[in-house]
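Below are the chains, spelled out letter by letter.
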Amino acid sequence: MHLEVDVSLRQGEFVLTAEFEFNGSALGLFGPSGSGKSTLMRALAGLVRPERGLIRLNGDSLFDSLNKIWVPPHRREIGVVFQDARLFPHWPVEKNLRAGMMAEESGIFSFSHIVDLLEIEPLLGRAVSNLSGGEQQRIALGRALLAHPRLLLLDEPVTGLDAVLKEQILPFLKRVHEELHLPCMIVSHYLPEILHLTDQLVLMKQGQIAAQGTLAELVETREAFNSLRRSGLMSTLTLPCGRVGVRPDEVVLATRPVDGLSAQNCIPGKLRRMIDHGETVLCFADTAAGPLMADVTPAAVQKLGLIAGTPVWCIFKTHALRPVD
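The following refers to the structure shown. (Residues numbered from 1 in each chain as written. Predicted model: local features only at pLDDT ≥ 70, side-chain atom pairs only at ≥ 80, totals over all residues. Heavy atoms only, no water.)

### Quick notes on the overall build of the protein chain
Okay, so step 1: If you tally the helices and strands in the protein chain, you get 9 helices and 19 strands.
Okay, so step 2: Based on the C-alpha atoms only, the size of the protein chain along its principal axes is roughly 70 × 50 × 35 Å.
Okay, so step 3: Looking at the 325 residues of the protein chain, the share that counts as buried comes to 49%.
Okay, so step 4: Here the contacts in the protein chain between residues at least 6 apart in sequence split such that 66% fall between residues at least 24 apart.
Okay, so step 5: Counting only carbon and sulfur atoms, one obtains 51% of the accessible surface of the protein chain, whose full area is about 15600 Å².
Okay, so step 6: Positive and negative side-chain charges in the protein chain, numbering 32 and 36 respectively, have mean positions lying 4 Å apart. (Helix = DSSP H or I, 4+ residues; strand = E, 2+ residues; numbered from the N terminus. Buried < 20%, exposed > 50% of the residue type's maximum accessible area, 1.4 Å probe, protein only. Contact = heavy atoms within 4.5 Å. Areas by Shrake-Rupley, 256 points an atom, 1.4 Å probe, with all protein chains shown as cover. Lys, Arg positive; Asp, Glu negative; His and termini not counted. Charge placed at Lys NZ, Arg CZ, Asp CG, Glu CD.)

### Digging into the environment of Q206
Okay, so step 1: Considering the arrangement of structural elements, one finds Q206 in the loop between strand 10 (200–205) and strand 11 (208–214).
Okay, so step 2: For the pair Q206 and F14, spaced 192 residues apart in sequence, the C-alpha to C-alpha distance is 8.4 Å.
Okay, so step 3: Contact partners of Q206, with chain neighbours within four places excluded, come to F14, V15 and S35.

### Considerations on the side chain of S8
Okay, so step 1: You can see S8 is positioned in strand 1 (residues 2–11).
Okay, so step 2: A relative accessible area of 13% means that S8 is categorised as buried.
Okay, so step 3: Here the side chain of S8 touches R52 through a polar contact of 2.9 Å, side chain to side chain. (Polar contact = N/O pair within 3.5 Å; in protein donor to acceptor, adjacent residues only side chain to side chain.)

### Regarding the packing of aromatic side chains
Okay, so step 1: As enumerated under the stated definition, the model contains 2 aromatic pairs in all.
Okay, so step 2: With a centroid separation of 6.1 Å and 80 degrees between ring planes, the pair formed by F63 and W70 is classed as edge-to-face.
Okay, so step 3: According to the relative accessible area criterion, F63 is buried, its value standing at 3%.
Okay, so step 4: The class for W70 is partly exposed, based on a relative accessible area of 25%.
Okay, so step 5: Judged by centre distance (4.5 Å) and plane angle (40 degrees), the ring pair of F88 and W91 falls under tilted.
Okay, so step 6: The exposure class of W91 is partly exposed, given its relative accessible area of 29%.
Okay, so step 7: Directly above the aromatic system of F82 lies the positively charged group of R86, at a separation of 3.8 Å from the ring centroid. (Phe/Tyr/Trp six-rings, centres within 6.5 Å; stacked < 30°, edge-to-face > 60°. Lys NZ or Arg CZ within 6 Å of the ring centre and 35° of its normal.)

### Considerations on the pattern of salt bridges
Where charged atoms of side chains with opposite charge meet at close range, the side chains can pair.
Okay, so step 1: Following the criterion strictly, the structure yields 12 salt bridges and no others.
Okay, so step 2: Two residues, R150 and E77, come together in a salt bridge whose shortest N-O distance is 3.9 Å. With R150 in the loop between helix 4 (133–145) and strand 8 (151–155) and E77 in the loop between strand 6 (69–70) and strand 7 (78–81), this pair connects stretches of sequence that are 73 residues apart.
Okay, so step 3: Each of D60, E77 and R150 takes part in one network of salt bridges that share partners. (Salt bridge = Lys/Arg side-chain N within 4 Å of Asp/Glu carboxyl O.)

Below you can see the structure in the form of structure tokens.
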């Protein structure tokens, strides 16, 4: 997917001014509520019309104010899955699925293949009102796929679902992206949802693009790092029991083993890199169990004499460990 965006639009008091370019198979739009993520997604889908600018997908102009180009939503070949499934309530599941279907079924986007991919055959004859929230999202996803899109937009697809339902939906999103080789853009204010598909991020704030890059690149900029930390950024710690994570603000560093602590985890390692973010210094440590990050104050860095290459012990409580994908 090659996506070029340079648009401006106003909705009441809110002004969106977004410019970025992306080459890749999956992109995450991340930022707090009200930052303009959904507005930008709706502009890409053709559901709102920018006042000026351009939108190009794989070289095709979908919007170009200078050359007076405006491709309507139904001709953009872009599938959209909203936070609320937006199914037709009086239609059964199968009729909802076939609502936007292309006239001819073909290959991986055929009705039977999509039904098998999303494991929804037992639901075909049921009424929409009898579906759980997770089942409704799978039907909405299937309906979008049956239109044979060249880009899939996911607008907060699991927001509002409980943890169990989220765990049901996220694997299907990943399966769709990987098995159908379908470019995706996922919009969320909750980072772990995005990281389920990609670490390529566009960070939005107050209607503008605040930063763009991989997760590793974004932690190097102060504003992006602070936004990511507020979202619950987690580093990966590999243990024999499986993949788990611990947030950087729950890791304490020591330059020697410490006895007499209630914290049961004290893992030796070596500092690989340090990034100064002003009020905090993000320290990357390589340990025998895997990579860890720790938030340390500048005063602590100076007191402990921390530099790249310093042997350290990473200390954290067991209850700080959380499962990650």
